[in-house]
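The lines below spell out each chain.
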Amino acid sequence: MLSAEERIQNKKEIRRRVCQPGGIPKLKDYQKENLSKMPLPQKRACKTIRRIAHDVFGFHVEPEKIFAPYIIDIYIKEIKVGIEIDGGVNNNQHTYDEKRDFFLLDKHGLKIFRFENSLVGTQYFKHSVWAICYSGLVDHLRKVNDTARHRGVTVHVGLETI
């Protein structure tokens, strides 16, 4: 299992790997390596997120999703949300994380939410995942309603706030 420092070093090297010839296949190898050596807090977070996002809301959840030149810890496809589980080493990486989050929002429309390892498994974490999924569902229903209204179709949804 990789230590937190080794994971951070590997994530920093993603850009270098992608920019080399055959970069995306190397990124896929790195993705497989991360999946096989996933730290315990990330495994727990993935299990909790799957239980809520997939089992309750029906969203597709992917661990270690590639958005070249980056890999997102956990990705919820339908609501375009990335969840990062950060260890103590990540505390000194604020500028790197900001650039990364801006790139992912700008190029892929992804919202990134970050949680520290110590929060995984707490009620705060579970309630946050519920709120993220519910908010994403409401946003999605608003878009569907707006699109339908634009096309002259009346859509009745069960949420009065939309």
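Scroll up for the structure.
An account of the accompanying structure is given in this report. (Residues numbered from 1 in each chain as written. Predicted model: local features only at pLDDT ≥ 70, side-chain atom pairs only at ≥ 80, totals over all residues. Heavy atoms only, no water.)

## Re the overall build of the chain
Step number 1: Helix and strand counts for the chain stand at six helices and four strands.
Step number 2: When its helices and strands are written in sequence order, the chain yields α-α-α-α-β-β-β-α-β-α.
Step number 3: Looking at the chain as a whole, 38% of its 162 residues are labelled buried.
Step number 4: Of the roughly 9600 Å² of accessible surface on the chain, a fraction of 54% belongs to carbon and sulfur atoms. (Helix = DSSP H or I, 4+ residues; strand = E, 2+ residues; numbered from the N terminus. Buried < 20%, exposed > 50% of the residue type's maximum accessible area, 1.4 Å probe, protein only. Areas by Shrake-Rupley, 256 points an atom, 1.4 Å probe, with all protein chains shown as cover.)

## What to know about helix 5 (residues 94-108)
At 3.6 residues per turn, the α-helix brings residues three or four places apart onto the same side.
Step number 1: Taking 1.5 Å of rise per residue, the 15 residues of helix 5 would be expected to cover 21 Å, and the 20 Å separating its terminal C-alpha atoms lies within 8% of that figure.
Step number 2: Burial in helix 5 covers these residues: Asp 97, Arg 100 and Leu 104. Buried residues of helix 5, seen end-on, are gathered within an arc of 65° and therefore sit on one face of the element. Seen from the open side of helix 5, the exposed residues pointing more than 90 degrees away from its buried face are His 94, Thr 95, Glu 98, Lys 99 and Phe 102.
Step number 3: Buried-residue contacts for helix 5 involve strand 1 (61-67), strand 2 (70-76), strand 3 (81-86) and strand 4 (111-116).
Step number 4: Downstream of helix 5 by one or two residues, Gly 109 has phi in the positive range, about 70°. (Expected span 1.5 Å × (residues − 1). Arc of directions from axis to C-beta. Contact = heavy atoms within 4.5 Å.)

## Observations concerning the environment of Ile 85
Step number 1: Examined against the element boundaries, Ile 85 turns out to sit in strand 3.
Step number 2: For Ile 85, a relative accessible area of 4% translates into the label buried.
Step number 3: Each C-alpha atom, one on Ile 85 and one on Lys 43, is 9.8 Å from the other, the two residues being 42 residues apart in sequence.

## Considerations on the packing of aromatic side chains
Step number 1: Using the criterion set out here, one finds six aromatic pairs in the structure.
Step number 2: Taking 5.6 Å as the distance between ring centres and 15° as the angle between the ring planes, the aromatic pair formed by Phe 57 and Phe 59 counts as stacked. Of the two residues, Phe 57 and Phe 59, both sit in the buried class.
Step number 3: On the numbers, 5.4 Å between centres and 65° between planes, the contact of Phe 57 with Trp 130 is edge-to-face. Separated by 73 residues along the polypeptide, Phe 57 in the loop between helix 4 (40-54) and strand 1 and Trp 130 in helix 6 (residues 123-150) bring together distant segments of the chain.
Step number 4: Judged by relative accessible area, which is 41%, Trp 130 ranks as partly exposed.
Step number 5: One aromatic cluster is present, built from ring pairs that chain together Phe 57, Phe 59 and Trp 130.
Step number 6: The ring of Phe 67 has Lys 65 lying over it, and the distance from NZ or CZ to the ring centre is 5.8 Å. (Phe/Tyr/Trp six-rings, centres within 6.5 Å; stacked < 30°, edge-to-face > 60°. Lys NZ or Arg CZ within 6 Å of the ring centre and 35° of its normal.)

## Describing the sheet that holds strand 4
Step number 1: Spatial ordering of the open sheet is given by 1-2-3-4, a layout of four strands whose pairing is mixed. Looking at the sheet topology across the chains shown, the edges are occupied by strand 1 and strand 4. When strand polarity is set aside, the average angle formed by the axes of neighbouring strands in this sheet is 40°. (Pairing = 2+ DSSP bridges. Axes fitted to C-alpha atoms, helices over the stretch in contact; angles between N-to-C directions.)

## Some words on the pairing of strand 1
Step number 1: Of all the seven residues making up strand 1, five are buried; the element is thus mostly covered by neighbouring parts of the structure.
Step number 2: Sheet analysis places strand 1 next to strand 2, joined by six bridges and oriented antiparallel. Residue pairing in the sheet places Ile 66 in a bridge with Ile 71 of strand 2.
Step number 3: From the end of strand 1 to the start of strand 2, which pair antiparallel, there are two residues.

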